[in-house]
Amino acid sequence: MTAVFSHGRLRLYLLKLLDDGPKHGYELIRLLEDRFLGLYAPSAGTIYPRLQRLEVEGLVSHTAAGGRKTYDITDAGRAELHQRAGELIELEADIAASVADLSSLAGEIRSEVRGSVRDLKRELSEATRQTRRTRWETPTPPPPRSASAAGPHAPLLDEFDNRLAAFTSEVGQLVRARRFSEGQLRTAIRLLDGALDGLRRLLR
């Protein structure tokens, strides 16, 4: 659980949410997730035991319909909210600060991932250039005069070019289609480096 809800502050915030109207457990989870801009959401195992404790203490009650419990704040719960109004104001300020911190961290992570994707694309482009350069710079015996200007291996070279282009295109599509972690991107870059080294050794 995020530290902003330490020392029994989550129960206070649950009372605050229920003071706005009756809600079932998963609705409370969604409201908390929305309050944290989707960057934090408590589990059912966090929310329901606290609701049960609040009910034992007489601060909330519940009604059951369709297999689902809907919780409502009691007069005793409203009295506790009133008594702890100063704590609630402080809690709201701490939540706002926590959301700002989480948003900043999420922005930094997105920037790092975008930077890693750009690095991977550069590695792909460099691998393509290096492979083509290696192919054309590798000394080969001159073709017989009777051979075509393209050489006897022209069909294989064409197939190589096609496979290389397809490889580059597919990897680029995979990178754009999903979000990779920084670790996954670095592993992918290492794999590309290994493949390039293997081709260099093969074509020398």
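Residues numbered from 1 in each chain as written. Predicted model: local features only at pLDDT ≥ 70, side-chain atom pairs only at ≥ 80, totals over all residues. Heavy atoms only, no water.

1. Considering the sheet that holds strand S2 (residues 60-65)
Then comes step 1: Ordered in space as S1-S3-S2, the three strands form an open sheet in which the pairing is antiparallel. This sheet does not close on itself; its edge strands, each paired only once, are strand S1 (23-24) and S2.
Then comes step 2: Pairing analysis gives six bridges linking S2 to strand S3 (residues 68-73), with the strands arranged antiparallel. Across the sheet, the residue bridging to Ala64 is Lys69, located in S3.
Then comes step 3: The strands touched by helix H1 (residues 9-19) within the sheet are S1, S2 and S3, with S3 carrying the most contacts at an inclination of about 90°. (Pairing = 2+ DSSP bridges. Helix = DSSP H or I, 4+ residues; strand = E, 2+ residues; numbered from the N terminus. Contact = heavy atoms within 4.5 Å. Axes fitted to C-alpha atoms, helices over the stretch in contact; angles between N-to-C directions.)

2. As for the nonpolar core
Then comes step 1: Counting 26 residues, the largest nonpolar core has Phe5, Tyr13, Leu14, Leu32, Leu91 and Ile95 as the members making the most contacts within it.
Then comes step 2: Broken down by secondary-structure element, the contributors of at least two residues to this core are H1, helix H2 (25-35), helix H3 (44-56), S3 and helix H5 (85-137).
Then comes step 3: At seven residues, H1 tops the list of elements feeding residues into this core.
Then comes step 4: Other than its neighbours up to four places away in sequence, Phe5 contacts Leu10, Tyr13, Leu32, Phe36, Tyr40, Leu91 and Ile95. (Core = buried A, V, L, I, M, F, W, Y, C linked by side-chain atoms within 4.5 Å. Buried < 20%, exposed > 50% of the residue type's maximum accessible area, 1.4 Å probe, protein only.)

3. As for the packing of aromatic side chains
Then comes step 1: The full count for this structure, using the stated rule, is three aromatic pairs.
Then comes step 2: A ring pair is formed by Phe5 and Phe36, whose centres lie 5.9 Å apart and whose planes are at 70°; its orientation type is edge-to-face. Here Phe36 lies in the loop between H2 and H3 and Phe5 lies in the segment before H1, a separation of 31 residues in the sequence. The burial state of Phe5 is the same as that of Phe36; both residues are buried. (Phe/Tyr/Trp six-rings, centres within 6.5 Å; stacked < 30°, edge-to-face > 60°.)

4. Some details on the confidence of the model for the protein
Then comes step 1: With 59% of its residues at a pLDDT of 70 or more, the protein has an overall mean of 75.
Then comes step 2: Confidence, read as mean pLDDT per element, is least for H5 in the protein (67) and greatest for helix H4 (residues 75-83) (95).
Then comes step 3: Contacts from residues 135-140, a stretch scored under 50 in pLDDT, to residues over four places away or in other chains number four contacts. (pLDDT = per-residue confidence, 0-100.)

5. Topic: H3
Then comes step 1: Spanning 13 residues, H3 covers 18 Å between terminal C-alpha atoms, matching the ideal 18 Å at 1.5 Å per step.
Then comes step 2: Turning to H3, its buried residues number three or more, namely Thr46, Ile47, Leu51 and Leu54. Looking down the long axis of H3, one finds its buried residues gathered within 115° of arc, a one-sided arrangement. In H3, those exposed residues whose orientation departs by more than 90 degrees from the buried face are Gly45, Arg53 and Val56.
Then comes step 3: Taken together, the buried residues of H3 touch H1, H2, S2 and S3.
Then comes step 4: Immediately beyond the C-terminal end of H3, within one or two residues, lies Gly58, with a positive phi of roughly 80°. (Expected span 1.5 Å × (residues − 1). Arc of directions from axis to C-beta.)

6. Overview of the side chain of Arg9
Then comes step 1: Of note, Arg9 is situated in helix H1.
Then comes step 2: A distance of 2.8 Å separates a polar atom in the side chain of Arg9 from a polar atom in the side chain of Asp94.
Then comes step 3: Here Arg9 is in contact with Val4, Glu90, Leu91 and Asp94, once residues within four sequence places are set aside. (Polar contact = N/O pair within 3.5 Å; in protein donor to acceptor, adjacent residues only side chain to side chain.)

7. Let's talk about the packing of H2 against H3
Then comes step 1: Where H2 contacts H3, the two axes come as close as 10 Å, and the packing angle between them is 120°. With respect to their mutual orientation, H2 and H3 come out oblique. For the element pair H2 and H3, the recorded crossing hand is right-handed. Packed against H2, whose contacting residues are Gly25, Tyr26, Leu28, Ile29 and Leu32, the element H3 presents Ala44, Ile47, Tyr48 and Leu51 at the interface.
Then comes step 2: Here the contact of H2 with H3 is built from residues that sort into eight nonpolar, one polar and no charged. (Parallel < 35°, antiparallel > 145°, perpendicular 65-115°, else oblique. Left-handed = near helix turned anticlockwise from the far one by under 90°. Nonpolar A, V, L, I, M, F, W, Y, C, P; charged D, E, K, R; others polar.)

8. Observations concerning the packing of H1 against H4
Then comes step 1: Across the interface, H1 lies against H4 with an axial gap of 10 Å and an inter-helix angle of 115°. The handedness of the crossing between H1 and H4 comes out as left-handed. Contacts between H1 and H4 involve Arg11, Leu12, Leu15, Lys16 and Asp19 on the former and, on the latter, Gly77, Arg78, Glu80 and Leu81.
Then comes step 2: In terms of residue class, the contact of H1 with H4 is made up of three nonpolar, one polar and five charged.

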